[in-house]
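Now for the letters of each chain:
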Amino acid sequence: MSALRLFFRSEKWTKTVGLVGAIANWGIPLATIANFKCDPSLINEKMTGALALYSLFFMRWSLAIHPPNLALFACHVTNEAAQLYQLSRWFRHQPLPVTESSNEKK
């Protein structure tokens with residue numbers, strides 16, 4: 001039992017968990033990229049914004065830890081770009097607001 005305890009407290013365990021976590025985390029940007037061709041009306045702007053903020057914070061965190069987790073950093077850079085692209089698609093899909101001055105011109 002003590003050998004297992006030593007392994008869980010070792011740097012090798014930390015690196016293994018960090019790598020597995022980074023690999024599993026790739027599901028988020030890959031799903032987002034797969035949805036690039038979907039109708040923009042299906043985009044949930046609140047969730048997309050939350051995922052963009054999440055990746056922004058964790059990009060910094062992945063470099064601040066020791067040792068830096070570059071695999072996780074790459075994942076969050078990709079996710080940040082994908083989420084911002086999705087937000088831009090959502091914004092472009094929104095109708096322009098109608099103002100009183102535009103109504104008077106008609």
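Here, the structure is the one placed above.
**Quick notes on the side chain of Asn 25**
Summarising the element assignment, Asn 25 is placed in helix α2 (residues 11-25). Ignoring anything within four residues of it in the chain, the contact list for Asn 25 reads Tyr 54, Leu 72, Cys 75 and His 76.

**A look at the packing of helix α3 (residues 27-34) against helix α5 (residues 70-93)**
Interhelical geometry of α3 versus α5 gives an angle of 30 degrees and a closest axis separation of 9 Å. Here α3 lies roughly parallel to α5, going by the angle between them. The crossing of α3 and α5 is left-handed. Contact residues: Ile 28, Pro 29, Thr 32 and Ile 33 in α3; Cys 75, Thr 78, Asn 79, Ala 82, Gln 83 and Gln 86 in α5. A per-class count over the contact of α3 with α5 returns 5 nonpolar, 5 polar and no charged.

**A short note on the packing of helix α4 (residues 45-64) against α5**
At a closest axis distance of 8 Å, the pairing of α4 and α5 adopts a crossing angle of 155 degrees. In this view, α4 runs roughly antiparallel relative to α5, as classed from their interaxial angle. Here α4 and α5 pass one another in a crossing that is left-handed. In terms of residue class, the contact of α4 with α5 is made up of 15 nonpolar, 8 polar and 2 charged.

Cut-offs used in this document
- Residues numbered from 1 in each chain as written.
- Predicted model: local features only at pLDDT ≥ 70, side-chain atom pairs only at ≥ 80, totals over all residues.
- Heavy atoms only, no water.
- Helix = DSSP H or I, 4+ residues; strand = E, 2+ residues; numbered from the N terminus.
- Contact = heavy atoms within 4.5 Å.
- Axes fitted to C-alpha atoms, helices over the stretch in contact; angles between N-to-C directions.
- Parallel < 35°, antiparallel > 145°, perpendicular 65-115°, else oblique.
- Left-handed = near helix turned anticlockwise from the far one by under 90°.
- Nonpolar A, V, L, I, M, F, W, Y, C, P; charged D, E, K, R; others polar.

What is shown is where atoms sit, not what they do.
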